[in-house]
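Fold and geometry: a report
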Amino acid sequence: MPILNLSLIKEFDTVVLMYHEVLGGKDGKETIRSVDQNIVIPEPLFKDHLDFLKENFFTSWHLCFSGSYSHLWKNLNKPVVVFTFDDGFAGNYQYVFPMLEQYGCKGIFFVIADRISRDHRYMTWGNLKEMSNSGHLIQSHTKSHVPLGELPAPKIYNELFYSKNLLEDKIGKEVLMLSLPFGSYSAIVKDIAYDVGYRYIFSSNLQHAYFGEVIVFGRISIKSHHTVDTIMKLLDRNSFYFKRTKYMHSLKTYIKGVIGLNNYRKIYRFIKKIDLE
Ligand SMILES: [Zn+2]
């Protein structure tokens, strides 16, 4: 795995977007059962995002993580955007993969080891292998998608070690990136992740953080109602929308800390009428 050029990341403040599911028209209906509608992006909207991002950004993770591309940095006059997709939903293969290919973009797909090939909602090992062979990254979103910040050390270790090794065995490429389920995080998570062999952690916070050799990338969470206009506001740190999003994130983090993440999720899913998993 090539090395990240840290100074340039700081200079251009690389934007990392966090998507979940993208779905097409009628055939999406069956697939989205018990998936939070708030994180399902309609395919035409995703295409709008790609048109905008392709025009205004460099749209390849290679630029951040590949030493072989470092010479390009000298001539960059645009920031870099990195596409990430969490949870390994089937639409990532059916819709996202062909569209990224069409636009010449490569994405990072964070998959839950226990759910690969599990049912029609999730991608198969065959899907992942094909995407990996096309230059997309398949990386870890843990073994079972539990909030790591609430687990004791041996269980955190198991979640991180098992998923990394399974993906490396089956896909045949190194796994150095970890996405945190629900953004849940504690000081020992970072230490264990480093010991297990991860070097890049992707959070749900809005800003990047640096802990020695581990980089924690902040991400902008893209929701079903986010138009290109919304994304532009989210990219502007002085906009009201960005400040409000940051405030709401802090508020949610506070509430989760007080009532516990699982209680927060139960209430959220009850209100949104989503089946618990
Ligand atoms: Zn997730």
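Please refer to the structure higher up on the page.
Calculation rules
Along each chain, numbering runs from 1 in the same order as the chain's sequence is written. A pLDDT threshold of at least 70 governs which residues receive local features in this predicted model, and a stricter bar of 80 or more applies before side-chain atom pairs are shown or counted, although totals over entire chains, interfaces and linings include all residues. By the criteria applied, helices consist of DSSP H or I runs no shorter than four residues and strands consist of E runs no shorter than two, each listed in order from the N terminus. What a helix should span is 1.5 Å times the count of its residues minus one. Counting other C-beta atoms within 10 Å of each residue's C-beta, where C-beta atoms are placed from the backbone, gives the exposure class: buried for 20 or more, exposed for 12 or fewer, partly exposed between. This arc is taken over the directions from the axis of the helix to the C-beta atoms. Residues are scored as being in contact if the C-beta atoms we place from backbone atoms lie within 7 Å. Note on handedness: a crossover is taken as right-handed if, strands pointing away from the viewer, the path from the first strand over the helix to the second is clockwise. The rule for pairing is simple: two strands pair if DSSP sees at least two bridges between them. Here the axes come from fitting lines to C-alpha atoms, over the contacting stretch only for helices, and the angles between their N-to-C directions go from 0 to 180 degrees. In these notes the angle categories are as follows: under 35 degrees is roughly parallel, over 145 is roughly antiparallel, 65 to 115 is roughly perpendicular, and the rest is oblique. Definitions for this section: a left-handed crossing has its near helix turned counterclockwise from the far helix by less than a right angle. A right-handed crossing has that turn clockwise. Any residue outside Ala, Val, Leu, Ile, Met, Phe, Trp, Tyr, Cys, Pro, Asp, Glu, Lys and Arg is labelled polar, Gly included; the first ten of those are nonpolar and the last four are charged.

1. Section: helix α8 (residues 153-171)
The terminal C-alpha atoms of α8 lie 27 Å apart, and with 19 residues this matches the ideal 27 Å at 1.5 Å per residue to within 8%. For α8, the full list of buried residues reads I156, E159, L160, S163, K164 and L167. Axial view of α8: buried residues confined to an arc of 105 degrees, hence all on one face. Facing away from the buried side of α8 by more than 90 degrees, the exposed set consists of A153, P154 and D169. For α8, the elements touching its buried residues are β6 (137-140), β7 (177-179) and α9 (187-196). The positive-phi residue at the C-terminal boundary of α8 is G172, with phi of around 85 degrees.

2. Re the pairing of strand β5 (residues 108-111)
When a strand is regular, its side chains alternate between the sheet's two faces. Burial along β5 is two-sided: I108 and F110 facing one way and F109 and V111 facing the other are all buried. Assessed by its sense of winding, the connection that carries the chain from strand β4 (residues 81-86) through helix α6 (residues 91-103) to β5 is right-handed. Pairing geometry for β5 and β6, over four bridges, is parallel. When the sheet's bridge partners are listed, V111 is paired in β6 with S140. As for the winding sense of the linkage, the β-α-β connection from β5 through helix α7 (residues 125-133) to β6 is right-handed.

3. A closer look at the packing of α8 against α9
Closest axis-to-axis distance for the α8/α9 pair is 10 Å, and the angle between their directions is 40 degrees. Between α8 and α9, the angle is such that the two are oblique. Two packed elements cross with a definite hand, and for α8 against α9 that hand is right-handed. Contacts from A153, I156, Y157, L160, F161 and K164 of α8 reach α9 at I188, V189, I192, A193 and V196. For the contact of α8 with α9, the residue count by class is ten nonpolar, no polar and one charged.

4. A word on the environment of L176
Examined against the element boundaries, L176 turns out to sit in the loop between α8 and β7. Distance from L176 to Q139, taken between C-alpha atoms, is 7.3 Å for residues 37 residues apart in sequence.

Spatial relationships are all this shows, so hold off on functional conclusions.
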